[in-house]
Amino acid sequence: MNIAEKIRAGERISYDEALVLYDYDLFELGELADFKRQQRHKKKSYFNINRHINPTNVCKDICKFCAYSASRKNPHQYTMTHDEIMHIVNDIVQRGIKEVHIVSAHNPQTGLQWYLEIFKKIKTAYPQLHVKALTAAEVHFLCEEYDKTYDELLDLMIENGVDSMPGGGAEIFDEQVRDYICKGKVSSSQWLEIHQKWHERGKMSNVTMLFGHVEKRRDRIDHMMRIRDLQDRTGGFNAFIPLVYQSENNYLNIQEFITAHEILKTMAISRIVLDNIANIKAYWVTSTVNLALVAQEFGANDLDGTIEKESINSAAGAASAQGLNLNEFVRLIKNSGFIPVERDSLYNELKTW
Ligand code: V47
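Right, let's walk through the structure included here. Residue positions are given per chain, counting from 1 as you read along its sequence in written order. In keeping with the model being predicted, local features are shown solely for residues with a pLDDT of at least 70 and side-chain atom pairs are shown and tallied solely at 80 or more, while totals for entire chains, interfaces and linings include all residues. Derived side-chain values reflect all non-hydrogen atoms in the structure, with water molecules and hydrogen atoms excluded from consideration.

### A look at the sheet that holds strand S4 (residues 130-133)
Within a sheet, adjacent strands bond to each other through the backbone by hydrogen bonds, running parallel or antiparallel. Judged by pairing direction, the sheet is parallel, and its three strands sit side by side in the order S2-S3-S4 without closing on themselves. If you trace the sheet from one side to the other, it starts and ends with strand S2 (50-53) and S4, each paired once. Taking each pair of neighbouring strands and ignoring which way they run, the sheet shows an average axis angle of 20°. One bridge is not enough; two strands pair if DSSP finds at least two bridges between them. We count a stretch as a helix when DSSP gives it H or I for four or more residues in a row; a strand needs E for two or more, and each element gets its number in order from the N terminus. Both strand S3 (residues 99-102) and S4 contribute to a ladder of four bridges, which runs parallel. The partner of Ile 102 across the bridge, within S4, is Ala 133. Note on method: axes are straight lines fitted to C-alpha atoms, helices fitted across the in-contact stretch only, with angles between N-to-C directions ranging 0 to 180 degrees.

And the structure:
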């Protein structure tokens, strides 16, 4: 059987075979990825109505790709008070938003309670609002800073009302690349250990991959393989999210940008390799909306959400400082030939638009 036959027969492909897929013609690869997508989701494309909040940009870490952190190229330092955060949350709940995605920089000045108590305040006021918060990178930072074990911190997150964990901070798991782009932050094995422990508590999370910088194709496949291994053991990942590197205002200094062709190939391969993760997210913030719409034909079945406001990727050049209008979002999905299905944060279907 050749690789394409194996994929159509539902057989798992190896690291070497996944690497060979990059040499396939883009449209042949797209057809294979679409075959896998349609087996699970037919023509449905998921989205949710969500809001991102990034409460502080003060950061102890020094990731080269980051334009958001005030310790890098961003001179505008800020840290929100809980009242400021609650003001946003009060407003979004009134407007029907169902998920709040809270991710911060690693701020050593606020104390642990500033990070945790806000979840309790939100959950007490709005038990039905899904709180997706704290990346594994933040978890690791807080544990080091405040002398907690991962187990202790994850339990505190649950006690305070965190429902699921976002997939940030995974970057690229290859240790050499990781050392170059974000030395000193949570290591690959620590990132995976934190998510494993979270899944063992019966909780779900996402996983990202930052690509299009110095990594090679083999590093992306290695990243996917490490994710597939953990997912085999826990089943706790809801979605895989390939994040396209944004080049502005940071210290990575990449001269040659990744092509749309390579982005689509990577999306398609992730759909094929990650046979145990139901959802592949085309995150329009970093891919552009147009390419995310095309990616629906290359394996992606999820377009994240309306977002409203986003600070991390937009600091590096993404057009996401403001989110997308809901009706416009729905119209775009429909016009691209897919069925817009609003989902909740755990991928239960809420409404077909
Ligand atoms: O971890 C930072 C990335 C991530 C840049 O779980 C950059 O549903 C591109 O993880 N270019 C945070 N990316 C965002 C994130 C996320 C986003 C949407 C949904 C979910 C989810 C998670 O942003 C960081 C980092 O990998 N990032 N700088 C940059 N220059």
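### Focus: unusual backbone geometry
Unlike most non-glycine residues, Thr 288 shows phi in positive territory, near 80°. Among the structural elements, Thr 288 can be located in the loop between helix H12 (284-287) and helix H13 (289-295). Residue class for Thr 288 comes out partly exposed when judged on its relative accessible area of 47%. A simple rule labels every residue: compare its accessible area, found with a 1.4 Å probe on the protein chains alone, to the largest value its type can have, and call it buried under 20%, exposed over 50%, or partly exposed in between.

### Section: the site of the ligand
Inspection of the region around the ligand gives 24 residues, with Lys 132, Gly 167, Gly 169, Glu 171 and Gln 246 positioned closest. With respect to the ligand, the backbone of Gln 246 contributes an N or O atom lying 2.8 Å from a nitrogen atom. Relative to its unbound accessible area of 610 Å², the ligand is 96% covered by the protein chains. Listed by contribution, the elements that provide at least two residues to the shell around the ligand are strand S5 (205-211) and strand S6 (237-244). Nearness is defined per residue: one heavy atom within 4 Å of the molecule or strand is enough. Polar contact is defined as a pair of N or O atoms within 3.5 Å, subject to the rule that within protein one atom must be able to donate a hydrogen and the other to accept it, and that residues adjacent in sequence are counted only when both atoms are side-chain atoms. Reported accessibility uses the Shrake-Rupley method at a 1.4 Å probe radius. Residues are deemed covered only where the shown protein chains occlude them.

### Regarding the sheet that holds strand S1 (residues 44-48)
Pairing is mixed in the open sheet, where four strands are placed in the order S8-S1-S9-S10. Every other strand in the sheet has two partners, leaving strand S8 (302-305) and strand S10 (349-352) as the edge strands with one partner each. Direction aside, the axes of adjacent strands within the sheet are offset by 30° on average. As judged from the two bridges shared by S1 and S8, these two strands associate in the parallel manner. Note that in S8 the partner of Tyr 46 across the bridge is Asp 302. Every residue pair with non-hydrogen atoms within 4.5 Å of one another is taken to be in contact. Each of S1, S8 and strand S9 (339-343) touches helix H14 (residues 326-335); the most contacted strand, S1, lies at about 165° to it.

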